[in-house]
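Summary of the model geometry
These are the residues of each chain, in order.
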Amino acid sequence: MSTDAQTGRDYRETLFLPQTDFPMRAGLPKKEPEWLERWERIGLYHKLREDAKGRTPYTLHDGPPYANGHIHMGTAMNKVLKDMVVRAHQMSGFDANYVPGWDCHGLPIEWKVEEEFRGKGRAKDDVPASEFRARCREYAAKWVDVQKAEFKRLGVIGDWDNPYLTMRFESEARICDELLKIAKTGQLYRGYKPVMWSPVEQTALAEAEVEYHDRRATQIYVRFPVCAFTLGVSYSDKTAPAPELETMHRVQWSESEAIDTADQDFEDTYIKDVSVVIWTTTPWTIPANRAVCFSPSISYGLYKIEALGDPGFPLGQTVGDKLIVADKLWDNVAKAAHITEFTRLSDVSSELLKHADLDHPLKNMEGADGKFDFAIPMLVGDHVTAEAGTGFVHTAPSHGEDDYMVWFANKDRLEARGIDASVPNTMDDSGCYTDVMPSRFEGLDVIRTSGKKRGQDGKANAEVLKALVECGNLLSRGIMTLRDAHSWRSKAPVIRRATPQWFISMTADHDGRGGLREKAKAEIAKTKFWPERGRNRIGTMVADRPDWLISRQRSWGVPITLIVHEDGRLHTDLPDADAINARILAAVNEHGVDGWFDADIADLMGDDSGGWTKVTDILDVWFDSGCTHAFCLKERDDLPDRADLYLEGSDQHRGWFQSSLLESCAVYGEAPYKGVLTHGFVVDEKGYKMSKSLGNTISPEDLNKQYGAEIVRLWAASSDFTEEVKIGKEIIQTSTDAYRKLRNTLRYMIGALDGYSEADAIDIVDMPALERWVLHRLHELDAVVKDGVENHDYKKIFSTLFNFCTVDLSAFYFDIRKDALYCDPLGSTRRRACRTVMSYIFERLTLWLSPILCFTMEEVWQQRFPSEDGSVHMEQFPDTPDSWHDAVLAENIKSMRNLRDLANEQIEPMRKDGTIKSSLEAIISVFAPVTEIADDLRLDENSWYTDPSNPTDSVADYLIVSHCMFVPQDNSGIFLQVKTLSENAAYTKCPRSWKYFKAENGADITPRDAVAVQQWDAS
RNA sequence: AGGCCGGUAGCUCAGCUGGUUAGAGCGCGCCCCUGAUAAGGGCGAGGUCGGAAGUUCAAGUCUUCUUCGGCCUACCA
């Protein structure tokens, strides 16, 4: 078609078509590793640091992934998001140094290593602790390397050669140091708390280390005689309740319901022969009882026994006894206790129960030695239900989680009443009663720990039952089967047992600032949260949480480097504590955690170490990671002490965000971060979480191989990551399509800019309206990008830029400018202006997208600005002059586009019926009341231009038709008339520009094309 | 079970303090071009906003209930 019918000349060669060898297809899986190599070779990370020297730091502090196993979609997305934030800030004028890190201690690794040793026939106890830890260290190091490679493959840039690890000796020492600082300020204390304990292995077990099996258990109903009512000493009267407990425990002794407990009737009704009944399946915990819990939402009744059946053995209860039981459960209790006739005397309100004190059921036991001679208070417990038992829950704070919680929550009030609120240490490592118990019980075992009957009931249950019978407080006994925790290894039952543990107090106020909780709350108020709801989430958690239990009875972790005296003193209270600490820290710094375990106490303590012992517990790994700000940010010279941003999954509100906040507030009195950004979890395309059993998992590795990391990055950038992020085949396809579109847009500009240099640039004042409009759009985009970076809204950045590419560039600007670009004389203002603007678009689009598409933007950049050791990532986002902004122009172009839409709507049916094929066959008459827009845009009157050597735009150029004329109208409204020129003898199709024109003097091409060809021939 | 959060076209996202026929891009269907060509352009069909009730002159936008999904609920990183 480009060959002219008359001259036979092929004008194609006279056109200025885009020229590039930039491939349309990316081949990402193959190409990406090559870019990684290049960046490695040119030392990009270090160059960035060098470039950014002296700039304001912007620090995203990495939350450490656990060094175990391959990365998954969640960790991949997390790292990609971090990378985008870091790169975007680096290019926004900051020094954005990113130092990745890993969490290396902890149970899962300890487990895997234990398994390994077992595979080699060595039980954990047979492996020396130092050898075991050395192996854990190796294991973690191996996975650090694996994950490091996987993260790097995603394009994440950072100090990979020098990451932080919680297990580096320096880190371990600093973690110890942090704990010692907390101890020194008195925020650390030793308490007791029930944990799952296996008497057989003599070790604490984690939830993941137990399995649930059926177990035959003795169930008993026991009564606790009511001994008194504590009128006027309602707990809430004496002590102001802790705010977080207010709802749960505030039951007022209101004026209207005031009861005179001194009244004889009252005593006869509610005290004399009255008992509260509990039910339990662990009789051996009865001696450890300290309270009975009830629930205000259950209705209780006072029942009098009128007649008893004859079970064939003596009963503790007698006719006339009165029992308080939940109404809903009375029938069960009556049946179990052989009560054949009874009377329900009255309701028993929770107001009343709240003020009741009970006797211990073993108070009058033979050989009690007065050890059960204390009041048993009644406490409100949320865990109490009327589903089973009696509606009352026997509470032994040393042997149950709920029991401990309730007891601990009421600590202040109990102490105000003069009740010893400490948790008794009633059982030793092998599951035998300690000397806290009367001598009658001391040494009795709950579970047999050896021999043929290992795992079966020991002597404790039987002796307790016997004692209860003697006291007349056993109402009933029986056998039942229940599902209960068993050790995974020995299969023996597990007991709940209070062991000495270390806590960081949420309330201890060492500096007059209200304690840890108050400080943390104040810091949360000062922190920025994206999304804002994160503030509330972590806020309620901090407000509600109990003291921080930081000790673990494990091997692979940082030791609690405290030395304790028999009398309870800590070495940190000694005058020479600093010297001792220095020796401890030196040892850990030199030998890692083994430095503590292997150290001789005398060497640490100096002369007098009599009566002192080293603590052998290790720290909760959350404490480790809570210290990353200390041993990474505060230790490294290339990072500030506080981070600008922590960016993790929303689960970290109770994890790292919180542990870091608490640790930092405890030691430094402030949060380690200024801002917190959270993302949701990655789920499948239907919104379900990924799991191996559902078979809906997608691995980043597979995506890298099949599509390229770039697609993963684009997916992350285009998602609303503040909620759950879906991924699936169709979603990946969407990202792939978007990638192609972006790539082709850039490719087109590369081709169009072939041979362009700054010398060809045209000043904005000389540009056609269309070009000035593009600059206006760039100015708008600049604002969107800046705002997006500031608020971490990458989907906004991406979708805005993407729409710009498709709607403004591809379908509008490029489409219109093809004619000028291909056909205008080389030096025409219009063509030069177009290329000038394209260079601006190219530069900005590439730079703005480079934090997201780090590989492709480098490829595109290097294509246009080839260099040996340069990188797009070393550039800064360019300034955009405000002079580019032109609101009036934008309005006018908008009107033109509306006109264009009208034209297209009319052309379309003609195209469908074959009247018109190419839009250049069309000639359009616009009947409109005004033609100001055309005037405002300074459009040429005809489409073959007043000055063919320097063409200016006509309306026809905007509509991509051959000719367009305005016909002024008086009436309002606008309508178009479209005709075809292909059949019109008066018009000739220009074989060069394909436009239809009225040929004069036998010209075969339009005047504009003629000039261009002349010039081309001359050159 | 409880706490927090979310459910807008096939997909990814907009819809501010409640107010005209709920928007965009992609995808899809049809058509055109063949000088961005495993590209480009045009037109078009798709949602009543998870469901129900309520408040209001008016609700995707407020309230309640319900359903589905996600995270968390102390030795698990």
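These figures come from a predicted structure and were not determined experimentally. (Residues numbered from 1 in each chain as written. Chains lettered and ligands numbered in written order. Predicted model: local features only at pLDDT ≥ 70, side-chain atom pairs only at ≥ 80, totals over all residues. Heavy atoms only, no water.)

Comments concerning the sheet that holds strand β29 (residues 975-980)
Strand order in the open sheet made by the 3 strands is β28-β27-β29, with mixed pairing throughout. Edge positions in the open sheet fall to β28 (963-968) and β29, since each of these has one partner strand only. Across this sheet, the average inter-strand angle for adjacent strands is 20°, counted without regard to direction. Across 6 bridges, the pairing between strand β27 (residues 922-928) and β28 is parallel. (Pairing = 2+ DSSP bridges. Helix = DSSP H or I, 4+ residues; strand = E, 2+ residues; numbered from the N terminus. Axes fitted to C-alpha atoms, helices over the stretch in contact; angles between N-to-C directions.)

Considerations on empty space enclosed by the protein
Following the criterion strictly, the structure yields 2 cavities of 30 Å³ or more and no others. Of the volumes computed, that of the largest cavity is approximately 90 Å³. Tyr45, Leu48, Arg49, Val86, Arg87, Gln90, Met91, Ala96, Tyr98, Ile157, Gly158 and His873 together form the lining of the largest cavity. At the level of elements, α2 (44-52) and α3 (73-90) are the ones that each hand at least two residues to the lining of the largest cavity. Grouping the constituent residues of the lining of the largest cavity by class yields 7 nonpolar, 3 polar and 2 charged. Quantified by volume, the second largest cavity comes out at close to 40 Å³. Considering the residues around the second largest cavity, the lining is formed by Ala88, Val785, Val789, Tyr794, Ile797, Trp848, Pro851, Ile852 and Phe877. Those elements that provide at least two residues to the lining of the second largest cavity are α26 (769-790) and α27 (794-823). For the lining of the second largest cavity, the class distribution of residues is 9 nonpolar, no polar and no charged. (1 Å grid on protein atoms, 1.4 Å probe; cavity = no way out; pocket = protein on both sides within 12 Å on 5 of 7 lines; lining within 4 Å. Points joined across faces, edges and corners; volume = space filled by probe spheres on them. Nonpolar A, V, L, I, M, F, W, Y, C, P; charged D, E, K, R; others polar.)

Some words on the confidence of the model for chain A
Mean pLDDT over chain A: 86, with 91% of residues reaching 70 or higher. Here residues 232-259 is modelled with pLDDT under 50, and outside its nearest four sequence neighbours on either side it reaches 48 contacts, counting other chains as well. We note a pTM of 0.87 for the whole complex and an ipTM of 0.95 for its interfaces. (pLDDT = per-residue confidence, 0-100. Contact = heavy atoms within 4.5 Å.)

Overview of the packing of helix α16 (residues 533-544) against helix α22 (residues 656-668)
As a packed pair, α16 and α22 sit with axes 11 Å apart at the nearest point and diverge in direction by 55°. As far as their axial angle goes, α22 and α16 are oblique. Crossing hand, α16 versus α22: right-handed. Residues Ile538, Met541 and Val542 of α16 lie in contact with α22, whose contacting residues are Phe657, Gln658 and Leu661. For the contact of α16 with α22, a count of residues per class yields 5 nonpolar, 1 polar and no charged. (Parallel < 35°, antiparallel > 145°, perpendicular 65-115°, else oblique. Left-handed = near helix turned anticlockwise from the far one by under 90°.)

Focus: the packing of aromatic side chains
Considering all chains together, one arrives at 21 aromatic pairs under this definition. Their ring planes at 25° and their centres at 6.2 Å tell us that Phe151 and Trp160 sit as a pair that is stacked. Take Phe151 and Trp160: they sit in the same class, and that class is buried. Seen from their ring centres, Phe927 and Phe975 are 4.7 Å apart, and the 10° between their planes marks the pair as stacked. Note that Phe927 is positioned in strand β27 and Phe975 in strand β29, a separation of 48 residues in sequence. Among the residues examined, Phe975 registers a relative accessible area of 46% and is labelled partly exposed. (Phe/Tyr/Trp six-rings, centres within 6.5 Å; stacked < 30°, edge-to-face > 60°. Buried < 20%, exposed > 50% of the residue type's maximum accessible area, 1.4 Å probe, protein only.)

Focus: the nonpolar core
Counting 145 residues, the largest nonpolar core has Trp715, Tyr813, Met838, Ile841, Leu845, Ile924 and Tyr958 as its most contacted members. Apart from the residues within four sequence positions on either side, Trp715 is in contact with Met73, Met77, Val682, Val725, Lys726, Ile727, Ile731 and Ser735. One finds Ile175, Val542, Ile563 and Cys665 within the second-largest nonpolar core, a separate group that totals 57 residues. (Core = buried A, V, L, I, M, F, W, Y, C linked by side-chain atoms within 4.5 Å.)

Details of the pattern of salt bridges
Taken as a whole and assessed by the stated rule, the structure comprises 62 salt bridges. Here Glu523 makes a salt bridge to Lys526, at a shortest N to O gap of 2.9 Å. On the criterion of helical spacing, the pair formed by Glu523 and Lys526 is a turn pair, its members being 3 residues apart in helix α15 (residues 515-526). Using a relative accessible area of 4% as the deciding quantity, one classes Glu523 as buried. You can call Lys526 exposed: its relative accessible area is 63%. For the salt bridge of Arg552 with Asp620, the shortest nitrogen-to-oxygen distance reads 3.4 Å. Here Asp620 lies in the loop between β22 (618-619) and α20 (621-626) and Arg552 lies in strand β19 (residues 551-552), a separation of 68 residues in the sequence. (Salt bridge = Lys/Arg side-chain N within 4 Å of Asp/Glu carboxyl O.)

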